[in-house]
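Breakdown of the fold
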Amino acid sequence: MTTEQTKALIDDLYATLGRGDRNHLMEILSEDVVWQMPASVPDGVLHGRERVVRELGTETVRRLFQKGTFRLKIHNIYADGDTAIVQTNAHAITKEDKVYDMEYAWIYSCRDGKITYIREYLDTKRSSDILGWGETR
């Protein structure tokens with residue numbers, strides 16, 4: 001894919017996420033898409049379009065945060081050929097009334113007009129402290 005095509009696809013992804021359009025999300029992800037989170041994140045690798053759409057398309061937000069509190073801000077989108085890097089901030093209130101304010105870097109690989117690979121980077125220690133990963137429940 002060209003840089004322009006990749007940038008347009010990533011712009012479309014974020015517009016789609018903002019609208020909550022799961023049907024269009026299915027169209028722009030490859031059937032075998034992989035979402036790889038940092039190794040310390042529980043269930044850190046998701047395989048397949050349906051699973052990724054379910055989680056990326058609102059399930060994660062619903063599971064972790066109070067309704068209506070999640071806000072995503074895009075700082076920068078960089079694209080080169082079939083790869084894009086996106087810097088974002090997520091701000092929300094957790095189900096336990098904690099403030100979640102996290103900076104992310106996302107790397108996307110694209111092929112044939114679809115996103116094939118998503119790599120997520122964040123401060124896992126801070127996220128774990130806020131979300132309680134590893135706590136006995």
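Residues numbered from 1 in each chain as written. Predicted model: local features only at pLDDT ≥ 70, side-chain atom pairs only at ≥ 80, totals over all residues. Heavy atoms only, no water.

Regarding the confidence of the model for the protein chain
Mean pLDDT for the protein chain: 93, with 97% of residues reaching 70 or above. Mean pLDDT per element in the protein chain: helix α3 (residues 49-64) is the minimum at 90, and strand β1 (residues 29-36) is the maximum at 98. (pLDDT = per-residue confidence, 0-100. Helix = DSSP H or I, 4+ residues; strand = E, 2+ residues; numbered from the N terminus.)

Remarks on the packing of aromatic side chains
Describing an aromatic ring pair means giving the distance of the ring centres and the angle of the ring planes. Tallying each qualifying case throughout the model produces six aromatic pairs. Pairing Y14 with Y108 gives two aromatic rings, centres 6.2 Å apart and planes at 90 degrees, and the pair type is edge-to-face. With Y14 in helix α1 (residues 3-19) and Y108 in strand β5 (residues 99-111), the pair connects residues that are 94 residues apart, well separated along the chain. The exposure class of Y108 is buried, given its relative accessible area of 3%. Three or more aromatic residues joined by ring pairs make a cluster, and in this case those are Y14, W35, Y104, W106 and Y108. (Phe/Tyr/Trp six-rings, centres within 6.5 Å; stacked < 30°, edge-to-face > 60°. Buried < 20%, exposed > 50% of the residue type's maximum accessible area, 1.4 Å probe, protein only.)

Here we look at the sheet that holds strand β2 (residues 45-47)
Strand order across the open sheet formed by six strands is β2-β1-β6-β5-β4-β3, with mixed pairing between neighbours. In the strand order of this sheet, the two ends are held by β2 and β3 (71-80), each with one partner. The average undirected angle you get between the axes of adjacent strands in this sheet is 15 degrees. Here three bridges tie β1 to β2, and the two strands are oriented antiparallel to one another. When the sheet's bridge partners are listed, W35 is paired in β2 with L46. (Pairing = 2+ DSSP bridges. Axes fitted to C-alpha atoms, helices over the stretch in contact; angles between N-to-C directions.)

A look at the side chain of T16
In this fold, T16 is placed in helix α1. Ignoring anything within four residues of it in the chain, the contact list for T16 reads D21, H24, L25 and I28. (Contact = heavy atoms within 4.5 Å.)

Examining α1
Its 17 residues place the ends of α1 24 Å apart at the C-alpha level, agreeing with the 24 Å of an ideal helix rising 1.5 Å per residue. Of the residues making up α1, those classed as buried are T6, L9, I10, L13, Y14 and T16. Along the axis of α1, the buried positions cluster into a sector of 160 degrees, meaning they face one direction only. In this structure, α1 carries E4, G18 and R19 as exposed residues pointing more than 90 degrees from its buried face. Where α1 is buried, its residues meet α2 (22-28), β3, β4 (83-93), β5 and β6 (114-122). Following α1 by one or two positions, G20 has its phi on the positive side, about 70 degrees. (Expected span 1.5 Å × (residues − 1). Arc of directions from axis to C-beta.)

What to know about the nonpolar core
In this structure, Y100, Y108, I115 and I118 are the most contacted members of the largest nonpolar core, which totals 32 residues. If you list the elements that add at least two residues to this core, you get α1, α2, β1, α3, β4, β5, β6 and α4 (124-131). Among the elements that line this core, the one with the most residues is β5, at six residues. With near-sequence residues (within four places) excluded, I118 lies in contact with L29, V33, V34, W35, Q36, V52, L56, W106, I107 and Y108. (Core = buried A, V, L, I, M, F, W, Y, C linked by side-chain atoms within 4.5 Å.)

Regarding the pairing of β4
Where β3 lies against β4, nine bridges are found, and the strand directions are antiparallel. When the bridges of β4 are listed, Y78 appears paired with I85. The antiparallel hairpin formed by β3 and β4 contains two residues in its connecting segment, where G81 sits at a positive phi of about 60 degrees. Sheet analysis places β4 next to β5, joined by 11 bridges and oriented antiparallel. Considered in β5, the bridge of I85 is made with I107.

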